[in-house]
Amino acid sequence: MLSMQDVLDYCDLDCGEIEAVAEHEHIPIMVAAELGETLLSSPGGVFRLHEMIVDNMQHALDTGEFEHVSDLAKTYQHLQRTHPLPG
């Protein structure tokens, strides 16, 4: 069985980004890592990753999960640095 570290070594996303994909899509972490890696292969996919995290932040804000909003904001900042929106 793969560990989370194995998944992170395979993927060009960090743990928070993979968890955000899993949360948004309601899928297991391993599947989220594969989906995230696939999304990175196109400008539209990178846009979709950004959109997923923003959607998660909005949902957390709407439900009063302010600590989660803060965690997601840090995750989003990292995504912006490592995989900026296509121009």
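What you see is a predicted model; the values in this text were computed from it and never measured.

Calculation rules
Note that residues are indexed from 1 along each chain, following the sequence as it is written. In keeping with the predicted nature of the model, local features appear solely for residues at pLDDT of at least 70, side-chain atom pairs appear and are counted solely at 80 or more, and the whole-chain, interface and lining totals rest on all residues. The side-chain quantities take in all heavy atoms of the structure and omit both hydrogens and water. Every axis in this analysis is a line fitted to C-alpha atoms, fitted for helices over the stretch in contact. Angles between the N-to-C directions lie between 0 and 180 degrees. Only DSSP runs of H or I covering at least 4 residues are called helices, and only runs of E covering at least 2 are called strands; the numbering of each starts at the N terminus. Oblique is the label for any angle not covered by the other classes, which are roughly parallel (under 35 degrees), roughly antiparallel (over 145) and roughly perpendicular (65 to 115). Contacts are residue-level and defined by heavy atoms, with any inter-residue pair within 4.5 Å sufficient. As a working rule, the residues Ala, Val, Leu, Ile, Met, Phe, Trp, Tyr, Cys and Pro are called nonpolar, Asp, Glu, Lys and Arg charged, and the rest polar, with Gly in that last group. Each residue is placed in one exposure class: buried if its accessible area under a 1.4 Å probe, protein chains only, is under 20% of its type's maximum, exposed if it is over 50%, and partly exposed if it falls in between.

**Q** Teacher, can you tell me more about the packing of helix H3 (residues 29–39) against helix H4 (residues 43–62) here?
**A** Each pair of packed helices can be described by the angle between their axes along with the distance between the axes. H4 packs onto H3 with a crossing angle of 130 degrees between their chain directions and a minimal axis gap of 7 Å. Between H3 and H4, the angle is such that the two are oblique. Facing Leu 35, Gly 36 and Leu 39 of H3, the residues of H4 in contact are Gly 45, Val 46, Arg 48, Leu 49 and Met 52. Within the contact of H3 with H4, the residues separate by chemical class into 5 nonpolar, 2 polar and 1 charged.

**Q** In this structure, what is going on with the side chain of His 24? I would like to understand it.
**A** Residue position: His 24 is located in helix H2 (residues 15–25). Judged by its relative accessible area of 17%, His 24 falls in the buried class. Filtering out sequence-adjacent residues up to four positions away, His 24 remains in contact with Arg 48, Met 52, Asp 55 and Asn 56.

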